[in-house]
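# Inside the fold
As a plain string of letters, each chain reads:
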Amino acid sequence: MAEGLPIRPRAPNFRGTSHASRPMPTNEQTVYLYGDFPELFWDLKRDAPVDAENPAIIARLLMHARPETLWKLVPVSVLLEKFDQLDLPDHSRRFWSVVVQELRDRRTRRVQAV
């Protein structure tokens, strides 16, 4: 396992060049493959893009991924939307419920400030 090594996306961007070779403009989105995270997705098709809106994938990430990997793959808005649908063990649900509530509170405060 290659813990501590930087994770570079292998999928080409819209121009067909590697994202790792240059800074990514804001109008492009990095596409990560299951094969980019073999320690998490050893049982899934390596060349398929990570489905970051699938509740089973999100649950796996919440239970096993490092935080930087989770936030790289799952947008906060998706986590907030899908959290109640996730099949998590009680201890994981208790922990992540606190995190999700804090994220929701921050979003509410930000909207009220505007």
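Since the model is a prediction, treat every value here as computed from it, not as a measurement. (Residues numbered from 1 in each chain as written. Predicted model: local features only at pLDDT ≥ 70, side-chain atom pairs only at ≥ 80, totals over all residues. Heavy atoms only, no water.)

Along the chain, the regular secondary structure elements total four helices and zero strands. From first element to last, N terminus to C terminus, the chain shows the α and β order α-α-α-α. Here the chain holds 114 residues, and 33% of them are scored as buried. Looking at the chain alone, contacts between residues at least 24 apart form 35% of all its contacts between residues at least 6 apart. For the chain, the accessible surface area stands at approximately 7900 Å², while carbon and sulfur atoms represent 54% of it. (Helix = DSSP H or I, 4+ residues; strand = E, 2+ residues; numbered from the N terminus. Buried < 20%, exposed > 50% of the residue type's maximum accessible area, 1.4 Å probe, protein only. Contact = heavy atoms within 4.5 Å. Areas by Shrake-Rupley, 256 points an atom, 1.4 Å probe, with all protein chains shown as cover.)

On to the nonpolar core. Among the nonpolar cores identified, the biggest contains 25 residues, and F41, L61, L62, L73, V74, L79 and F83 are the most heavily contacted of them. For this core, the elements supplying multiple residues, two or more each, are α1 (55-64), α2 (67-73), α3 (76-82) and α4 (90-113). The dominant element in this core, judged by the number of residues it contributes, is α1, at five residues. The contact partners of L73, leaving out residues within four places of it in the chain, are Y32, F37, F41, V50, A52 and L61. (Core = buried A, V, L, I, M, F, W, Y, C linked by side-chain atoms within 4.5 Å.)

The next subject is α1. Of all the residues in α1, the buried ones are I57, I58, A59, R60, L61 and L62. Check the buried side of α1 and you find it contacts α2, α3 and α4. The distance from a side-chain oxygen at the start of α1 to the backbone nitrogen of A56 is 2.8 Å, and the residue carrying that oxygen is N54. (Polar contact = N/O pair within 3.5 Å; in protein donor to acceptor, adjacent residues only side chain to side chain.)

This part takes up the layout of surface pockets. Looking at the second largest pocket, its volume works out to about 230 Å³. Along the walls of the second largest pocket sit 11 residues, with Q29, T30, Y32, K72 and L73 positioned nearest its centre. The residue makeup of the lining of the second largest pocket, split by class, is eight nonpolar, two polar and one charged. (1 Å grid on protein atoms, 1.4 Å probe; cavity = no way out; pocket = protein on both sides within 12 Å on 5 of 7 lines; lining within 4 Å. Points joined across faces, edges and corners; volume = space filled by probe spheres on them. Nonpolar A, V, L, I, M, F, W, Y, C, P; charged D, E, K, R; others polar.)

Mean pLDDT over the chain stands at 83; residues scoring 70 or higher make up 75%. Here α4 stands out as the element of the chain with the lowest mean pLDDT, 91, in contrast to α1, whose mean of 96 is the highest. Counted against residues more than four places away or in other chains, residues 13-27, with its pLDDT under 50, gives 24 contacts. (pLDDT = per-residue confidence, 0-100.)

Along the chain, D36 falls in the segment before α1. Here the side chain of D36 touches L33 through a polar contact of 2.8 Å, landing on its backbone nitrogen.

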